[in-house]
Amino acid sequence: MRSLLLRLPVLVLAAAVLAGCGGGLPSSAVSTGAAASSTTQQEETTMHIQLQVNGASFTAALEQNAAAQALAQLLAQGPVTIQMDNYGGFEKVGALGQSLPASDVQTTTGPGDIVLYQGDQIVIFYGSNSWSYTRLGHVTDLTGWADALGSGDVSVTFSLAE
């Protein structure tokens, strides 16, 4: 009997610890389900734009941020054509003509990335660079992208995808 009384506090403590550990799904299972639901929902709400470059058309998916939303609102008023200068052998840059909300962070870009630079310049990449930008979107299919951009300056027309 005395042996049982001495073990009782240990058993109660062990039961309390085990009850706290096994009370439901692991947190990773819960967050994975939420992430999958969030990803599906995000895919359904992603806006797309068209870029016309030297007779070629490209679709880009916009980011989910204030700058991309402001760009979409601008494009809802009609297409915007930007004269873009070749810069550094990896990007084309041109003035938008107005500022968008910037939330610059150090970013490494790659081919097809579309970013906002200094709040009022659009940069499209056919190479890679690391700088402080606000991401706007990414071209979804890069087939012919580098050829369409060429090696010199180019005129690019941005519009909402239909």
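Structure report, in brief. The model shown is predicted, which means the values in this text are computed figures rather than measured ones.

The rules behind these values
Residues numbered from 1 in each chain as written. Predicted model: local features only at pLDDT ≥ 70, side-chain atom pairs only at ≥ 80, totals over all residues. Heavy atoms only, no water. Core = buried A, V, L, I, M, F, W, Y, C linked by side-chain atoms within 4.5 Å. Buried < 20%, exposed > 50% of the residue type's maximum accessible area, 1.4 Å probe, protein only. Helix = DSSP H or I, 4+ residues; strand = E, 2+ residues; numbered from the N terminus. Contact = heavy atoms within 4.5 Å. Pairing = 2+ DSSP bridges. Polar contact = N/O pair within 3.5 Å; in protein donor to acceptor, adjacent residues only side chain to side chain. Salt bridge = Lys/Arg side-chain N within 4 Å of Asp/Glu carboxyl O.

As for the nonpolar core
For soluble globular proteins, the rule of thumb is that nonpolar side chains tend to be buried together.
Argument step 1. With 30 residues, the main nonpolar core has Ile49, Leu51, Ile114, Ile122, Ile124 and Phe158 as its most contacted residues.
Argument step 2. Broken down by element, this core gets its largest block of residues, seven residues, from helix H3 (residues 66-76).
Argument step 3. Ignoring sequence-local partners within four residues, the contact set of Ile122 consists of Ile82, Met84, Lys92, Val93, Gly94, Leu96, Ile114, Val115, Leu116, Leu136 and Phe158.
Argument step 4. Counting residues in hydrophobic clusters, the runner-up holds six residues, among them Phe90, Val93, Val115 and Phe125.

A closer look at the pairing of strand E4 (residues 91-95)
Argument step 1. Across the five residues that make up E4, a large majority, four, are buried.
Argument step 2. Two elements, strand E3 (residues 80-87) and E4, share three bridges in a ladder whose sense is antiparallel. Residue pairing across strands places Tyr87 opposite Glu91, the latter belonging to E4.
Argument step 3. The hairpin formed by E3 and E4 contains three residues between the paired strands, and Gly88 there has a positive phi angle of roughly 70°.
Argument step 4. Bridge count between E4 and strand E7 (residues 121-125): five bridges; the pairing is antiparallel. Across the sheet, Gly94 pairs through a bridge with Ile122, a residue of E7.

Quick look at the side chain of Thr107
Argument step 1. Mapped onto the fold, Thr107 is located in strand E5 (residues 105-109).
Argument step 2. Overall, the relative accessible area of 6% leaves Thr107 in the buried class.
Argument step 3. Of the polar contacts made by the side chain of Thr107, one reaches the backbone oxygen of Val105; its length is 2.8 Å.
Argument step 4. Once you skip the residues sitting within four places of it in the chain, Thr107 turns out to touch Asn129, Ser130, Trp131, Tyr133 and Arg135.

Observations regarding the pattern of salt bridges
Argument step 1. Taken as a whole, this structure holds one salt bridge when the rule is applied.
Argument step 2. Between Arg135 and Asp113 there is a salt bridge; the shortest N-O distance is 3.2 Å. Here Arg135 is found in strand E8 (residues 129-139), whereas its partner Asp113 is found in strand E6 (residues 113-117), with 22 residues between them in sequence.
Argument step 3. Arg135 gets classed as partly exposed once you look at its relative accessible area, which sits at 27%.

Quick word on unusual backbone geometry
Argument step 1. Look at Asn54: it is not a glycine, yet its phi comes out positive at around 50°.
Argument step 2. Assignment of secondary structure puts Asn54 in the loop between strand E1 (48-53) and strand E2 (56-62).
Argument step 3. The exposure class of Asn54 is exposed, given its relative accessible area of 60%.

Quick notes on the pairing of E6
Argument step 1. Among the five residues in E6, four count as buried, and that is most of the element.
Argument step 2. Pairing of E6 with E8 involves four bridges; the strand directions are antiparallel. Bridged to Val115 within E8 is Arg135.
Argument step 3. Bridge count between E6 and E7: four bridges; the pairing is antiparallel. Directly across from Ile114, in E7, lies its bridge partner Ile124.
Argument step 4. The antiparallel pairing of E6 with E7 creates a hairpin that spans three residues between the two strands, and Gln118 there sits at a positive phi of about 55°.

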